[in-house]
Amino acid sequence: MKIFRLRTILLSCSCLLAVPFLSLAQTSDPPASSSQDAQKPAVPQDQKAAQNKPQPESQQPATKPSGDLPTAPSSSKTEPSLEDLGFSATQAQGDAKRQALLDKRTHMLKIHQRMGLIAAIPITASVITSVGAGGKDTSKASRDLHAALGGLAGDLYFISAYYAIRAPRVPGTETRGPIRFHKAMAWIHGPGMIATPILGIMAFDQKNKGEKVHGIAQAHGPVAIVTAGAFGAALLSVSLKF
Amino acid sequence: MTPLTKIAACLLLVFPPLASAGDSQWTLQQGTLTYHVSHKLHESEGVSHEVRGKGICHAGQCDFLIAVPVKSFDSGDSNRDLHMIQVTRGAQFPMVTVRTKLPESASTSATIQADLEIQFAGQTVQYKQVSFQLVTKDNQIRITGTIPATLTDFKIDPPSLLTLPVKNEIPVRIDLTWRSQ
C-alpha cells in the first residue's frame, strides 16, 4: 500500500513539473540578427494589390493571413493587437471617401500654389512698370504695358483664388500655424485685387484724356502697393519658416 | 490529513505560480514619436503623444506592438498636417504600427538592437538592428532611439514646396516609457 502511495505521489509530481515545459513548445525563436543588414529596411511589401481587392479599407498587408492582422483580436497569447491597445475597429478602419477628399483638396491646392506663383511674376512686373505709367502723355506704351500686366496678374490671381476657395474643407480640422496668416492676408489682397484694376481703369481713362488723376482713382497706386505687399507676405508665410 | 493530501496541496500551491512565472506584460506609460522632414526652405517636425503600446512576454520572449494614429501628428501647421495625411494615405491606412520581438533579458541592457516591422501608408517594411537606448528607473524603462525611415521605403511621393521636393529621409525619433506589470 505504501509503494502504491509513493508511486501516486511521484506520478503527480512528474505531471505537475512537466506542465511548464510543455508550454515552451509554443515559443518562437528570437529574430536573427545580421550586421550587414543593420538599420536597413529589409522587406518592403506592397499592399497596393490588397487595396484593389474587395476589402481595401484595412491596413492588412496582402501577403499576410487575416489572423496576423494588428486589427484582429490577438489569437495567440504573445501577439498583442490594436484592440488590446484600446484602439477600436472604427479607428483602425480606413476611410476611402476621406482619402478621396484629401486627394482632391491637395490637387486643388497644388494648382492654387502653382497659379499663385505664376501670378507673382506679372504682379511684380506691374508694380515695376507702374513707375513709367504716369506722365502727362495721353498715350504711352509703358502705360499700356502696365495695364496689360495688371490685367494678366488679375486673371492669374483669380484663377489661383478659385482653386483655394473651391478646395474642399476637411471636417473637424482646426486651422493652426502659418496658414492662418496666409488666409488672413487674403482678406487684404482679395479686395485689393478687385479694387486695384477698377481704380486703375479710372486712372487710365483720366490719363488718356489728358487729365490729372483725380478723385478715388488717386488711390490706385497705394491700394496696388498694399495689395502686392499682402500678396507677397501671404506667399512667403507658407514658403519660409518665421 | 493524509501525507498524500498534504503533498498534493503543497504542489498545487507551489507549482501553478511557477508554471506562469515566465509570463509578464509591459504597458506603455507615455510615449512621443517625432518625424523630421527636411526641405531647402524648411525644417519641420511632427509630434504625436497619442502612441500606445503593449508587450506580452512568454517563456523569455516578448512581443511588442506600438501603434499611433497617423492623424495625431502635429507639426504646428494644420495645412501641412492635412497634406501629410494625404501623401501618406493616412485616411485609408489610419494607423502606424510597429511590431518587434525582444528577449525578456533585454530589459536589463543599456542598449538594444531591435528588428522592427512597421506598417505605414499601406506598406509593411522591416528595419533590421535598429539601436535603442534604455534607461531603467524603478519599475519603468525609458527607451529612446531613431528609426531611419525614408519616403521611398513606404512608397510615398515626396511632397514639394515651390516645386522643390522634401528630402527622402524622414527619421522618426522615439521616446517611450514602459512599465512592467
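Residue numbering note: each chain is counted from 1, following its sequence as written. Chains carry letters from A onward and ligands carry numbers from 1 onward, assigned in written order. The predicted origin of the model limits local features to residues at a pLDDT of at least 70 and limits the giving and counting of side-chain atom pairs to 80 or more, whereas totals for whole chains, interfaces and linings rest on all residues. Note that the side-chain values use all heavy atoms of the structure and ignore hydrogens as well as water.

### As for the side chain of Glu117(B)
Stage number 1. Each helix corresponds to a stretch of at least 4 residues labelled H or I by DSSP, and each strand to a stretch of at least 2 residues labelled E; elements are numbered beginning at the N terminus. Mapped onto the fold, Glu117(B) is located in strand β6 (residues 111–120).
Stage number 2. A 3.5 Å cut-off defines polar contacts: any pair of N or O atoms within that distance qualifies, except that in protein one atom must be a possible hydrogen donor and the other a possible acceptor, and neighbouring residues in sequence count only when both atoms are side-chain atoms. A polar contact is formed between the side chain of Glu117(B) and the side chain of Gln126(B), at a distance of 3.4 Å.

### Looking at helix α5 (residues 141–166) of chain A
Residue and element names in this part refer to chain A.
Stage number 1. The span you would expect from a helix comes to 1.5 Å times its residue count less one. Look at α5: 37 Å from first C-alpha to last across 26 residues, which is about the 38 Å you get at 1.5 Å a residue.
Stage number 2. Relative accessible area decides the class of each residue, using a 1.4 Å probe on protein chains only: under 20% of the type maximum gives buried, over 50% gives exposed, and in between gives partly exposed. Along α5, the residues that are buried comprise Arg143, His146, Leu149, Ala153, Gly154, Leu156, Tyr157, Ser160 and Ala161.
Stage number 3. The contact definition used throughout considers only heavy atoms, calling two residues in contact when any of these lie within 4.5 Å. Those residues of α5 hidden inside the fold are in contact with α4 (96–129), α6 (178–208) and α7 (220–237).

### Some remarks on the confidence of the model for chain A
Residue and element names in this part refer to chain A.
Stage number 1. Mean pLDDT over chain A: 76, with 65% of residues reaching 70 or higher.
Stage number 2. With pLDDT under 50 throughout, residues 15–38 is counted as low confidence; its partners more than four residues away or in other chains account for 22 contacts.
Stage number 3. Along the chain, pLDDT gives the predictor's confidence residue by residue, from 0 to 100. Here residues 46–75 scores under 50 on pLDDT; set against residues more than four positions off or in separate chains, the count is 59 contacts.

### Some details on the environment of Met202(A)
Residue and element names in this part refer to chain A.
Stage number 1. Its place among the elements puts Met202 in helix α6.
Stage number 2. Once the C-alpha coordinates of Met202 and His214 are considered, the two residues, 12 residues apart in sequence, prove to be 9.2 Å apart.
Stage number 3. Residue contacts for Met202: discarding those within four places in its chain leaves Ile216 and Ala217.

### Considering the pattern of salt bridges
Stage number 1. Criterion for a salt bridge: a side-chain nitrogen of Lys or Arg within 4 Å of a carboxyl oxygen of Asp or Glu. Evaluation of the coordinates by the stated rule reveals seven salt bridges over all chains.
Stage number 2. One salt bridge connects Arg176(A) with Asp81(B), and the closest N-O pair in it is separated by 2.8 Å. Of this pair, Arg176(A) sits in the loop between α5 and α6 while Asp81(B) sits in helix α2 (residues 78–87), which puts the two residues in different chains.
Stage number 3. Classification of Arg176(A) as partly exposed rests on a relative accessible area of 27%.

### Focus on the packing of aromatic side chains
Stage number 1. Only rings of Phe, Tyr and Trp enter the pairing, Trp through its six-membered ring, and a pair is recorded when the two centres are within 6.5 Å. The plane angle decides the type: under 30 degrees is stacked, over 60 is edge-to-face, the rest tilted. Going through the model one piece at a time under the given rule, you end up with seven aromatic pairs over all chains.
Stage number 2. Measuring from ring centre to ring centre gives 6.0 Å for Tyr157(A) and Phe231(A), while their planes differ by 55°; the resulting arrangement is tilted. With Tyr157(A) in helix α5 and Phe231(A) in helix α7, the pair connects residues that are 74 residues apart, well separated along the chain. Each member of the pair Tyr157(A) and Phe231(A) is classed as buried.
Stage number 3. Note on Tyr127(B) and Phe154(B): the rings are 6.4 Å apart at their centroids and 40° apart in plane angle, and the pair reads as tilted. You can see Tyr127(B) sitting in strand β7 (residues 123–137) and its partner Phe154(B) sitting in the loop between β8 (140–147) and β9 (160–161), a full 27 residues away along the chain.
Stage number 4. On the basis of relative accessibility, which here comes to 0%, the residue Tyr127(B) falls in the buried class.
Stage number 5. Classification of Phe154(B) as buried rests on a relative accessible area of 2%.
Stage number 6. Linked through ring pairs, Tyr157(A), Phe158(A) and Phe231(A) together constitute an aromatic cluster.

### Notes on the nonpolar core
Stage number 1. Only buried residues count toward a nonpolar core, which is a set of Ala, Val, Leu, Ile, Met, Phe, Trp, Tyr and Cys residues joined through side-chain atoms within 4.5 Å. If you look at the biggest cluster of nonpolar residues, it comprises 48 residues, and the most contacted ones within it are Leu116(B), Ile118(B), Tyr127(B), Phe132(B) and Phe154(B).
Stage number 2. If you list the elements that add at least two residues to this core, you get β1 (24–38), β4 (61–69), α2, β5 (95–103), β6, β7, β8 and β11 (172–180) of chain B.
Stage number 3. Other than its neighbours up to four places away in sequence, Phe132(B) contacts Ala110(B), Thr111(B), Ile112(B), Ala114(B), Leu116(B), Ile143(B), Thr144(B), Gly145(B), Thr146(B), Ile147(B) and Ile174(B).
Stage number 4. By size, the runner-up hydrophobic cluster in this structure holds 11 residues, among which are Ala120(A), Ile123(A), Ala161(A) and Met193(A).

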